Amino acid sequence: MKKLWILLVCLSLLSACSPSAKPTEEPKVSAAGQTQTPMGDNVILTVDGQSVYRSEFEYYLAYISDYYKSANGIDEITDWNTQTEGKATEEYFLDYAVSLAKNHRGLMKKAEELGCGLTAEQENAIEETIASGETVYGAGEYRAMVEESYNTVENFRFLQEIGFLTDNVFAALYGQQGKLCDDNTVAEYAEENDYMCVKFICVEDTEENRQLMEELSARLVASDDRDTLFDELMDEYSQYTTLNSAAFPDGQLFGKGYLGDAFDGAYAHLAEGEISGVCRGPNELYIIQKLPLDPDGAKNEGGFTLRHCVAYALFEQNMETWGNELECVLEDGYYEIDVRSFN
């Protein structure tokens, strides 16, 4: 519970961040405006003249390993030679960690260029988060808790920094909630990346439910107000309760593949506004309504509009570009990293 509490009070995105520390033993000021000291350890990388220390790099690897195991539904990685995005998993982890270090320094540099670094309120929020933890648990125990999750208190601070900087730079380029991302850009990106907006009635595939869904489909065909009836039936019968008419009056956004090939195939044959017959998935039955990809109406499960989703996807591409523009040198410490220990 304590570890979870630390995660919950963290105001940043759950992505790893990095200091702008130079490889000296003197205190220095990061691009985010925080005075920091070197995070011990040996230097793993040098990015744009700034050092990435072992404690930071190993945080990235632990984060990547946890995400990888969760995404693949496994408790332990047993075959490090498995191909992941065209690379052996071990190589993939290392490259991903390097890219995080580069991208976050690119973000910090862009924040400086745009003049949208941390505000006084954001700096205070970071310190208040730490002070609150120390008050609740005591300074020593709180530090130990933070170090268990983030290796060092400095890493924890940087997580806060990178979260705020992400918000600041994103707003400067794309506006709040991506409002500066124009309709044509949103439509083109959504089409190229197979976004879909739907409502659906979903039940387990049983003999009883097959009869039920055929009855519901017949009622929809006979109705003079299919949209209203569809919402009523979805709210009453669908076992996918996250999608309901109150939470998603304009439909829910999904990416291709999220709901399975059978669902995607049925969706592809529908015209906008059309309601399908009964469709069978591997273990479920669907009735699907295809809805418009409204930039500001349709939302994903997290409540983000299509415009916001597209703007952030483009922003992530920006971050990768900024990171790749920076010089990166692998130092001796990089070759000493035991990736397989992060399991």
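Each remark here, short or long, concerns the structure printed above.
Since this is a predicted model, take the numbers as computed values, not measurements.

Caption draft 1: Fine view of a negative patch on the surface. Together, Asp224, Asp225, Asp227, Glu232, Asp235 and Glu236 line one region of the surface with negative charge. With relative accessibility at 46%, the residue Asp227 sits in the partly exposed group.

Caption draft 2: Helix α3 (residues 89-114), seen in detail. With 26 residues, α3 ought to run about 38 Å at 1.5 Å a step, and its terminal C-alpha atoms sit 37 Å apart, in line with that. In the segment just after α3, Gly115 is the residue with positive phi, at about 70°.

Caption draft 3: Geometry of the environment of Thr119. Along the chain, Thr119 turns up in the loop between α3 and α4 (120-137). For Thr119, a relative accessible area of 35% puts it in the partly exposed group. Between the alpha carbons of Thr119 and Asn168 there is a distance of 9.3 Å; along the sequence they are 49 residues apart.

Caption draft 4: Looking closely at the nonpolar core. The biggest cluster of nonpolar side chains holds 62 residues, and the ones touching the most others in it are Leu45, Phe57, Phe93, Leu107 and Phe315. Sorting elements by how many residues they give to this core places α3 first, with 10 residues. Of all hydrophobic cores here, the second largest spans 28 residues; its members include Leu212, Leu216, Ala266 and Ile288.

Definitions and limits used
- Residues numbered from 1 in each chain as written.
- Predicted model: local features only at pLDDT ≥ 70, side-chain atom pairs only at ≥ 80, totals over all residues.
- Heavy atoms only, no water.
- Patch = residues over 30% accessible without salt bridge, like charges linked within 9 Å, V, L, I, M, F, W, Y side chains within 5 Å.
- Areas by Shrake-Rupley, 256 points an atom, 1.4 Å probe, with all protein chains shown as cover.
- Salt bridge = Lys/Arg side-chain N within 4 Å of Asp/Glu carboxyl O.
- Lys, Arg positive; Asp, Glu negative; His and termini not counted.
- Charge placed at Lys NZ, Arg CZ, Asp CG, Glu CD.
- Buried < 20%, exposed > 50% of the residue type's maximum accessible area, 1.4 Å probe, protein only.
- Helix = DSSP H or I, 4+ residues; strand = E, 2+ residues; numbered from the N terminus.
- Expected span 1.5 Å × (residues − 1).
- Core = buried A, V, L, I, M, F, W, Y, C linked by side-chain atoms within 4.5 Å.

From the geometry alone we can't say anything about function, so treat these as descriptive.
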